[in-house]
Amino acid sequence: MRAFADRAFRAVTALVIADVAVFLLQERTGPWWPGPVNWLLMIAVIVPTLILVRRVESDPASAPAVRRYWKSVRVGITLFVGVAALRILYELGAGGWLLPASVVLHLVGGIVLTWPLVGLPSGARNRAEQIGIWLDLGTLTCAAGLLIWHFGASAQFAGGRVTVSGVVAAAVIMGAGLNLVYMAARVVLAGVGTFARRGLYWIGASALIGGLGSAISFLDPRQPAGNPLVLVLPLAAFAAAAGARVQVVDTAGGGRPERRPRGYSLMPYVAIAAVDAVVLFHNVGVGSDRDDLLVDAVAVTLTALVVVRQLLAFRLNDALLARIGVQEKRFRLLVQNSTDMVTITDASGMLTYVSPASLRVLGTDPDDMIGTTVGTWMHPDDRAAAAGRLTTLLAAPETTAVSQVRLRHADGTYRWLDVTSANLTGEPSVAGIVSNARDITETREVRDRLSYEASHDRLTGLTNRAVFTKRMTAAVTAAGPDTPLGVVLIDLDDFKTVNEALGHTTGDALLVHVAERIRASVRPADTVARFGGDEFAVLFEGIRGADLDQVLTRIAAALLEPALIDGEPMTVRAGFGVAEGRGGDDAGDLLRRAGIALYEAKARGEGGVERYRPGMEARGAERRRRVAALHTAIESGQLVTFYQPVVTLPGGRITGCEALVRWQHPTEGLLGPGAFIEAAEQSGLIVALGAWVLRDATREATTWPGELTVSVNVSARQLREAGFPDVVAAALRDSGLPARRLTVEITESLAVGGGATAANLQALRDLGVRLSLDDFGTGASTLSLLASCPVDQIKLDRSFVPDVGGSPAIADAVVQMARAFGLQAVAEGVETAEQAALLAGLGYERAQGFHFARPMPAADLRARLAGEAAVPAER
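Residues numbered from 1 in each chain as written. Predicted model: local features only at pLDDT ≥ 70, side-chain atom pairs only at ≥ 80, totals over all residues. Heavy atoms only, no water.

Chemist: Please set out the overall build of the chain residue by residue, giving values where relevant.
Modeler: Scanning the chain for helices and strands turns up 30 helices and 22 strands. A burial count over the chain gives 43% of its 875 residues as buried. A separation threshold of at least 6 residues defines the contact pool for the chain, and within that pool the share at least 24 residues apart is 64%. Working note: accessible area of the chain is about 43300 Å², and carbon and sulfur atoms make up 60% of it. (Helix = DSSP H or I, 4+ residues; strand = E, 2+ residues; numbered from the N terminus. Buried < 20%, exposed > 50% of the residue type's maximum accessible area, 1.4 Å probe, protein only. Contact = heavy atoms within 4.5 Å. Areas by Shrake-Rupley, 256 points an atom, 1.4 Å probe, with all protein chains shown as cover.)

See the structure below:
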């Protein structure tokens, strides 16, 4: 047993066994030693008992009520150490007054030990059960009083003698006996779940042994010489020690199995049986009239039969209640552990029951909700509809209704609940409306988010193309034939440059900024949408002409207003395509017309507003045909490369050539770049076209003698491509041309770009390719640009080449800057010998223009190169 694992309990057990053995042997053989030694043995039993009691009192695992009870037990047992001490002093002859003092202290100790038992709760769950317990206690007390009087107290008045000592003795026997019976009953009926049940039984045994044993001992005629107290008190102490030890063991065991209570008490029947036994004993043992004996026997028999029958009925009732209890417990556990919240409301909407799931669902204790109305917890916007549903539900018993409402959470937010309610007002066991509520907040949020994302642009929060089209269709359908409508498509200029030069984060921030500016510039009733990329749309209802122009002017001005975007100061220019219509028009046709107008606006460049006009489709179709034909030209080899020499000054020796693309159109003949480069730029074909020119030029340059270089122009679209350095490397590798003989010409606007542009320029330098700033002086030409941009050459724009008599200031300044930065200066557009001589005088060592040679096919260049000695390229 786990109880005997404790040394103190083993010690108290051994000592009480020794004490009992010594007492019994001394009763038979006579005293072995002086009387005080027997009291010392009792103290030896009490000491380890106090140790065990102290452990329960200080056990943190025990409930506070348990620790308080055992504290009173420790105080009471300690008083009995004082009783033993007074008895020892009395028997040693210290004074006759010590004997009555020990008796008084004995009585006080008994009261201290038994008084806490009076406060034990009865376990009654309601008033009816409380009355039943008191009736059971009354029945048992009456029967016990009869038994104690018949077999104990009545002997004090044998022969009809009534003496003071006899009255006192009878009172002690009756009082002690009834008190002990009451205490035992209290222990049996105790409903304290925090106490170990086995510990309560040992406590009752200790009280019974100590109380009844003390009463018998005080009436022993051998007092004080032959004292049974030296046996009774150690036994009572051992029972207390056992109760303390069991309390610690059961508490450490993690709880005790719950005893299934009976629906009835056996105590009254035990009392009846005891009284019947006394009646039979009295009539049979003492003797009486035959008829009296027959009557008593029949009465006892009938009483026994009724009791047995009632007990059988009680057992059947208990079995039925047990099954109901199991079902009730199962239902209660299902409700308490369900994630759904179960409520019962009366006809007025007041909550009469709320399941514990309210803590999980709403963070609110059920007790805080019971007694309140559902409306106090409901979102204000849902109350009117909920009241209507309640009225409808109450009008039709045994019907159900399903709804979704918002109830307030303890944190102040509202949770969406899916509620199924059933009208059970006609069911007496419920008498209300039972509702099962499931938290669907996350589901609603996901659904709302998906619905929002399906109809809105995630980045800007504007409506998307699908919703815009639906609203436009609804607008033209609902509007009358005289109601004006306007559809405007907006496309940002150079957005791709921002997106790739400064990064997608800055590009996204710019789109959000544009969306906010457009939304702030239109009426609340106007629909603003983002179609994707940098394209936006606005639907105007009820305005047209000049009024619409005012709004577009306001939008354009708002976009041009400087703003700090992701740390970068920016202004935005955009093109506007406008299509006007009226109610009854085709929505798809309006949107198509706005797209055509936007295409025309973008083709003009520099932003601006373009209204749709009849005939625009033809121009757009022509542009699309041109793009398709250009695509075919790239694929089928209709492109040819011309070369314009770059020569030395003043000698005129060829040092390299610039590659210039031409289109050998099958029907239109040879076309210059002005006829197709713009279409290539707008359609994106410039990337494929530029790659073709790069491959053809590097392949041709390998046929030239010496170290002649070839220059290739690169567009902004090409240079922004992340893989452009790989394209250049592949062309060099396939042709076998050394990287030092290739010069890539870029404009100044590209040179000041960041992001992918700067990375690609550096990658080209790392390959060994030379870089040249074309048309220098027409863009963002600054000293800081020359200091930071990794170029090898600058080409003076033809507009700054001085004529005879003109000012050479700009040309002179450019060559001076080139010399200061260690760069080569090349003059473009030289058309006369005088210009060539003037440039040579200024210090230019390279020039290019019609004066030296016009652009020519590759075969003509090869023939010219064969007629003159090649001049090595200078770096």
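Chemist: Which residues make up the pairing of strand β1 (residues 341–345), and what values do they have?
Modeler: Most of β1 is tucked away: 5 of the 5 residues are buried. Where burial is concerned, the two faces of β1 agree: the one with M341, T343 and T345 and the one with V342 and I344 are both buried. Relative to strand β5 (residues 432–439), β1 is paired through 5 bridges, and the arrangement is antiparallel. Looking across to β5, one finds that M341 is bridged to A437. Across 3 bridges, β1 lies against strand β2 (residues 351–354) in antiparallel orientation. In the strand pairing of β2, T343 is matched with V354. (Pairing = 2+ DSSP bridges.)

Chemist: Help me get a handle on the sheet that holds strand β4 (residues 414–424), residues and values and all.
Modeler: One key point about sheets: their strands pair by backbone hydrogen bonds, in either a parallel or an antiparallel sense. The strand order β2-β1-β5-β4-β3 describes an open sheet built from 5 strands, whose pairing is antiparallel. What marks the edges here is a single partner per strand, and that holds for β2 and β3 (400–408). Adjacent strand axes in the sheet meet at a mean angle of 25 degrees when their direction is disregarded. Across the sheet, helix α13 (residues 380–394) is in contact with β3, β4 and β5; its angle to β3 comes to roughly 155 degrees. (Axes fitted to C-alpha atoms, helices over the stretch in contact; angles between N-to-C directions.)

Chemist: Tell me about unusual backbone geometry, residues and numbers included.
Modeler: For the peptide bond that leads from L649 to P650, omega is 5 degrees, which places it in the cis range. Secondary-structure assignment places P650 in the loop between β13 (639–648) and β14 (654–665).

Chemist: Mind laying out the sheet that holds strand β6 (residues 484–492), listing which residues take part and the relevant values?
Modeler: Within the open sheet, the 5 strands sit side by side as β7-β8-β6-β11-β12. Their pairing is mixed. Both outer strands of the open sheet, β7 (527–532) and β12 (608–611), are each paired with one neighbouring strand and no more. Ignoring which end each strand starts from, the neighbouring axes of this sheet average 20 degrees apart. For strand β11 (residues 574–582) and β12, the ladder comprises 4 bridges, and the chain directions are parallel.

Chemist: Could you give me a rundown of the environment of I794, with the residues and numbers involved?
Modeler: Locating I794 in the fold gives a position in strand β19 (residues 793–796). I794 sits 18 residues away from F776 along the chain, and the two C-alpha atoms are 6.3 Å apart.

Chemist: Tell me about the pairing of β14, and name the residues and values.
Modeler: Two faces make up the sheet, and in a regular strand the side chains alternate between them. Within β14, 11 of the 12 residues are buried, which leaves the element mostly enclosed by the surrounding structure. When β13 meets β14, the two strands line up antiparallel, connected through 9 bridges. Across the sheet, the residue bridging to Q644 is E658, located in β14. Here β13 folds back onto β14 in antiparallel fashion, the turn holding 5 residues, of which G652 has a positive phi close to 80 degrees. Direction of pairing for β14 relative to strand β16 (residues 709–713): parallel, over a ladder of 4 bridges. Its bridge partner lying in β16, C657 is registered against V710. Sheet topology note: the β14/strand β15 (residues 669–671) ladder contains 3 bridges and is antiparallel. Within the sheet, the bridge partner assigned to Q664 lies in β15 and is L670. In sequence, β14 turns back onto β15 through a hairpin of 3 residues.

Chemist: Tell me about helix α28 (residues 809–821), residues and numbers included.
Modeler: Since the α-helix packs 3.6 residues into each turn, any two residues three or four apart lie on the same face. Its 13 residues give α28 an end-to-end C-alpha distance of 18 Å, which sits within 8% of 18 Å, the value for a rise of 1.5 Å per residue. When α28 is considered as a whole, its buried residues turn out to be A811, V814, V815 and A818. The buried residues of α28 occupy an angular sector of 95 degrees when projected down its axis, which confines them to one face. Buried-residue contacts for α28 involve β18 (770–776), β19, β20 (824–827) and α29 (833–842). Residue G822 follows α28 closely and has a positive phi angle near 75 degrees. (Expected span 1.5 Å × (residues − 1). Arc of directions from axis to C-beta.)

Chemist: Any chance you could break down the packing of helix α2 (residues 35–57) against helix α8 (residues 229–252) for me, citing the residues and the numbers?
Modeler: Taken N-terminus to C-terminus, the directions of α2 and α8 make an angle of 15 degrees; their axes are 9 Å apart at the nearest point. One finds that α2 runs roughly parallel with respect to α8. For the pair α2 and α8, the crossing hand works out as left-handed. Of the residues in α8, those touching α2 at N38, W39, M42, V45, I46, T49, L52, V53 and V56 are L229, V230, L233, P234, A237, A241, A244, Q247 and V248. Class assignment for the residues of the contact of α2 with α8 results in 15 nonpolar, 3 polar and no charged. (Parallel < 35°, antiparallel > 145°, perpendicular 65-115°, else oblique. Left-handed = near helix turned anticlockwise from the far one by under 90°. Nonpolar A, V, L, I, M, F, W, Y, C, P; charged D, E, K, R; others polar.)

Chemist: Hey, could you go over the nonpolar core for me, with residue numbers and the actual values?
Modeler: Counting residues in each nonpolar core, the largest one holds 71 residues, and the members touching the most others are L689 and Y844. Take this core: its biggest share by element is 7 residues, from helix α22 (residues 686–701). Residues contacting Y844, with those up to four places away along its chain left out, are L649, L796, A811, V814, V815, A825, V826, A827 and L839. Of all hydrophobic cores here, the second largest spans 38 residues; its members include F23, V73, L117 and A241. (Core = buried A, V, L, I, M, F, W, Y, C linked by side-chain atoms within 4.5 Å.)

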